[in-house]
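Spelled out from the first residue to the last, the chains are:
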Amino acid sequence: MYQRIAHIALVVKDYDDAIEFYTEKLDFKLLEDTRIDENKRWVMVAPPGAKECCLLLAKASNGRQLESIGNQTGGRVGFFLFTDDFWRDYNKMTEREISFVRPPTEFEYGTVAVFEDLYGNMWDLIEPNENNKGLIKK
C-alpha cells in the first residue's frame, strides 16, 4: 500500500499577496495557479526540491474561514520547513524581514528557529543534525 499527504490547505486573505510572500520571501515555487471561477483559484506552492507535499493556498470565503487566518493551529507551530543549510536560509529570511519569534536554538535533533508567515502562522525552520539528516530527502 502507498499513501501520502499531497497538499496542506492554508487559508489566506488574498491569493496574490500569499503567492508573493511564499515565492519572494521564502523562495517557494509556484506550482499551479488555475482560476476556477471569479472568486476561487487552485494555487499550489512548495519549497525548492519538495517532491511529496505542497501548500494549497485557499482564499477565505466566509467569516469562519477569515477568523482562522493566521491561527490555523491554535497558536502552535503548525508548519515545519526543513533545510539543508540553516544559517544560509535564516540569514536570507532575516534580510527579507521575515519575523522570527524564537531565536535559533540548538536541540538534540538539530538547529531550529520559529518564524511567522505573512498572516502570523508559526513555522519552524529546521536543519536536522547529522543523526537526523535522513529527515531531509533529496
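Residues numbered from 1 in each chain as written. Predicted model: local features only at pLDDT ≥ 70, side-chain atom pairs only at ≥ 80, totals over all residues. Heavy atoms only, no water.

Asker: How would you explain the pairing of strand E4 (residues 54-59) if you had to name every residue and give the values?
Answerer: For strand E1 (residues 7-12) and E4, the ladder comprises six bridges, and the chain directions are parallel. Residue pairing for E4: Ile-8 is matched across the bridge by Leu-55. Where strand E3 (residues 41-46) and E4 come together, three bridges link them in antiparallel fashion. By the bridge assignment for E4, Met-44 is matched with Leu-56. (Pairing = 2+ DSSP bridges. Helix = DSSP H or I, 4+ residues; strand = E, 2+ residues; numbered from the N terminus.)

Asker: Kindly report on the sheet that holds strand E8 (residues 122-128), identifying the contributing residues and their values.
Answerer: Taken in spatial order, the four strands of this open sheet run E5-E8-E7-E6, and their pairing is mixed. Here the strands that pair on one side only, and so sit at the sheet edges, are strand E5 (77-82) and strand E6 (99-107). The mean inter-strand angle of the sheet, taken between neighbouring strand axes irrespective of direction, is 20 degrees. Note that E5 and E8 share five bridges and pair parallel. When the sheet's bridge partners are listed, Phe-80 is paired in E8 with Asp-124. Relative to E6, helix H3 (residues 86-95) is tilted by about 165 degrees, and along the sheet it contacts E6, strand E7 (110-116) and E8. (Axes fitted to C-alpha atoms, helices over the stretch in contact; angles between N-to-C directions. Contact = heavy atoms within 4.5 Å.)

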